[in-house]
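Structural description and commentary
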Amino acid sequence: MPIAQPVRFSPDVETVSPDEGETIQNLNQTFDTILETTAKDYGHAVRSVHAKAHGILEGTLEIAADLSPELAQGMFARPGRHKVYMRLSTNAGDILPDAISLPRGLALKVLDVEGERLPGAEGTTQDFVLVNGPVFQTKTAKQFLGNLKMLAGTTDKLEGTKKAMSSVLRGVSTALSAVGVESPKLQSLGGAPNADPLGETYYSVTPFRYGDFIAKFSIVPVSPDLTALTGAEIDASDRPDAIRETLQAEMQNATGVWELRVQLCRDLEKQPVEDPTVEWNEDEAPFERVATITVAPQDSWETARVQAVNEAMRFGVWTGLAAHQPLGNINRARNEPYQHSAEFRQRFNRCPIHEPSVRSAV
């Protein structure tokens, strides 16, 4: 069966709900509950989601030179090499022991990217924020707000209960997986496998403008040092920072190579823009490589890099080029709260957050 031509981007692929502004304000208020609670506990402000980092990596992204016209779009329009930072994390807004297993996150910051910027996007970086699952847990930001309120109510509470619940939920999730059922909701509550982040495939989940087209992104491990870890689980039963320690040991000798891939939308009904709970079938809309990320062996928890990236930078899908505008209800609701969270961290920690540039440092 031939693959359909990609759908061309136009503003009318989005449908804006009249209550989105109210939802965003409620998200800000709920994030404030998490931010203020954790800052009071730690004496230090952390991110309202993906608070706990497990590794900070520095590497190089190389844009492929052999891309077809439909793939040579936006920052990928011409070949080139860019310095990158990668932040590996889990998704809670409080810093939990690793025995509470949650979905993994990967944030990628690409430096010195030329082109027209999104409104309010400072600097010259392009950010990608991904998780290790192909779909989002809710269809709309309003539904996500409901989940977030529940999580905000458990921030800083019942750590022992969370650990016990996580163990039970992992068992349920494993049983469902055995019969071909995946539950993003269960995994977000602590039922995710305690997977080694280096072996995982990560997805943008939500769609983005891709120059003239519409796409989702994925980052896939391809080097033997990484693929050997795919499916591996980390025993964190007696080590609160087991994932960080494991990554630090693994990256001392590992060469990490990932492919950055693009999945072009080819049918708006089968690959909807406004519903990120729908997985885009790869048989109908295949992922295709557009760039390669290479990370040499390094200390993944090196003090200076952790300070520079984990503390003094923010990652957000609205930091980047107009050619990669975030699309859909969930993405529209991520703009102001991401900035809101970063401003709280900056103010509380008295640590300026800025966009890095190799060129400005030369």
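Residues numbered from 1 in each chain as written. Predicted model: local features only at pLDDT ≥ 70, side-chain atom pairs only at ≥ 80, totals over all residues. Heavy atoms only, no water.

All right, on to the environment of Gly146 then. Counting through the fold element by element, Gly146 comes out in helix H2 (residues 141-154). Judged by relative accessible area, which is 41%, Gly146 ranks as partly exposed. Along the backbone, Gly146 and Asn26 are 120 residues apart, and their C-alpha atoms lie at a distance of 10.0 Å. (Helix = DSSP H or I, 4+ residues; strand = E, 2+ residues; numbered from the N terminus. Buried < 20%, exposed > 50% of the residue type's maximum accessible area, 1.4 Å probe, protein only.)

This paragraph deals with the packing of helix H1 (residues 20-42) against helix H9 (residues 335-349). Between H1 and H9, whose axes approach to 9 Å, the crossing angle comes to 30°. Overall, the two elements H1 and H9 adopt an arrangement that is roughly parallel. H9 is crossed by H1, and the crossing has right-handed handedness. Of the residues in H9, those in contact with Ile24, Gln25, Leu27, Asn28, Phe31, Asp32, Leu35, Glu36 and Ala39 of H1 are Glu336, Pro337, His340, Ser341, Phe344 and Phe348. (Axes fitted to C-alpha atoms, helices over the stretch in contact; angles between N-to-C directions. Parallel < 35°, antiparallel > 145°, perpendicular 65-115°, else oblique. Left-handed = near helix turned anticlockwise from the far one by under 90°. Contact = heavy atoms within 4.5 Å.)

Moving on, we come to the environment of Ser10. Mapping Ser10 onto the fold places it in the segment before H1. You can call Ser10 partly exposed: its relative accessible area is 25%. Of note is the side chain of Ser10, whose polar atom sits 2.4 Å from the side chain of Asp12. (Polar contact = N/O pair within 3.5 Å; in protein donor to acceptor, adjacent residues only side chain to side chain.)

Once that is clear, we can look at the environment of Phe9. Residue placement: Phe9 occurs in the segment before H1. When its relative accessible area of 16% is taken as the criterion, Phe9 is described as buried. In this structure the C-alpha to C-alpha distance between Phe9 and Cys265, which are 256 residues apart in sequence, comes to 9.5 Å. Once you skip the residues sitting within four places of it in the chain, Phe9 turns out to touch Arg209, Gly211, Asp212, Phe213, Ile214, Gln325 and Leu327.

The next point concerns unusual backbone geometry. At His50, a residue that is not glycine, the phi angle is positive and equals roughly 55°. Among the secondary structure elements, His50 is positioned in the loop between H1 and strand S1 (53-63).

Every α-helical turn comprises 3.6 residues, leaving residues that sit three or four positions apart pointing alike. Across its 23 residues, H1 extends 32 Å between first and last C-alpha, which sits within 8% of the 33 Å expected from 1.5 Å per residue. Taken together, the buried positions of H1 are Glu20, Thr23, Ile24, Leu27, Asn28, Thr30, Phe31, Asp32, Ile34, Leu35, Thr38 and Ala39. (Expected span 1.5 Å × (residues − 1).)

Our next topic: the pattern of salt bridges. Inspection of every chain in the model, using the stated rule, returns 19 salt bridges. In this structure, Glu20 engages Arg332 in a salt bridge whose closest nitrogen and oxygen atoms are separated by 2.7 Å. Taken together, the residues Glu20 in helix H1 and Arg332 in helix H8 (residues 329-332) connect sequence positions 312 residues apart. In this structure, Glu20 and Arg332 share a single accessibility class: buried. Note that Glu259 is salt-bridged to Arg261, the shortest N-O span being 2.9 Å. Under the relative-accessibility criterion, Arg261 is labelled partly exposed at 23%. (Salt bridge = Lys/Arg side-chain N within 4 Å of Asp/Glu carboxyl O.)

Next up on the list: the pairing of S1. Burial analysis of S1 places eight of its eleven residues in the buried class, the great majority of the element. Here S1 runs beside strand S2 (residues 80-90); their pairing, made up of ten bridges, is antiparallel. In the strand pairing of S2, Ile63 is matched with Gly80. Of the strand pairs in this sheet, S1 and strand S9 (residues 287-295) are connected by four bridges, and their pairing is antiparallel. Considered in S9, the bridge of Leu61 is made with Ile293. (Pairing = 2+ DSSP bridges.)

The next subject is the packing of aromatic side chains. Applying the stated criterion across every chain, the model contains seven aromatic pairs. Relative to Phe217, the ring of Phe128 lies with its centre 5.0 Å away and its plane at 75°, an arrangement referred to as edge-to-face. Taken together, the residues span a long stretch of sequence, with Phe128 in strand S4 (residues 126-131) and Phe217 in strand S7 (residues 213-221) at a distance of 89 residues. For the pair Phe128 and Phe217, one class covers both residues: buried. (Phe/Tyr/Trp six-rings, centres within 6.5 Å; stacked < 30°, edge-to-face > 60°.)

So, on to H9. When the terminal C-alpha atoms of H9 are compared, their 22 Å separation across 15 residues agrees well with the 21 Å that a helix rising 1.5 Å per residue should span. All buried positions along H9 are accounted for by Pro337, Ser341, Ala342, Phe344, Arg345 and Asn349. For H9, the angular spread of the buried residues around the axis is 155°, confining them to a single face. Each element contacted by the buried residues of H9 is listed here: H1 and helix H7 (303-311). (Arc of directions from axis to C-beta.)

What follows concerns the side chain of Arg332. By relative accessible area, Arg332 is classed as buried at 14%. Here Thr15 takes part through its backbone oxygen, which lies 3.0 Å from a polar atom of the side chain of Arg332. Within the structure, the side chain of Arg332 is placed 2.7 Å from the side chain of Glu20, a separation counted as a polar contact. Sequence-distant contacts of Arg332, defined by excluding residues within four places in its chain, comprise Glu14, Thr15, Val16, Glu20, Ile24, Glu274 and Trp318.

Once that is clear, we can look at the nonpolar core. Ranked by internal contacts, the top residues of the largest apolar core, which has 57 residues, are Leu61, Phe76 and Leu108. Excluding residues that lie within four positions of it along the chain, Leu108 makes contacts with Leu61, Val84, Tyr85, Met86, Gln126, Asp127, Phe128, Ile219, Ile293 and Phe315. Counting residues in hydrophobic clusters, the runner-up holds 19 residues, among them Ile24, Leu27, Phe31 and Val205. (Core = buried A, V, L, I, M, F, W, Y, C linked by side-chain atoms within 4.5 Å.)

With that settled, the discussion passes to the side chain of Lys109. By the secondary structure assignment, Lys109 is in strand S3 (residues 104-110). Of the residues examined, Lys109 reaches a relative accessible area of 0% and is grouped as buried. From its side chain, Lys109 meets the backbone oxygen of Arg314 in a polar contact 2.9 Å long. Apart from residues no more than four positions distant in its own chain, Lys109 is found in contact with Lys83, Val84, Tyr85, Thr125, Gln126, Asp127, Met313, Arg314, Phe315, Glu355 and Pro356.

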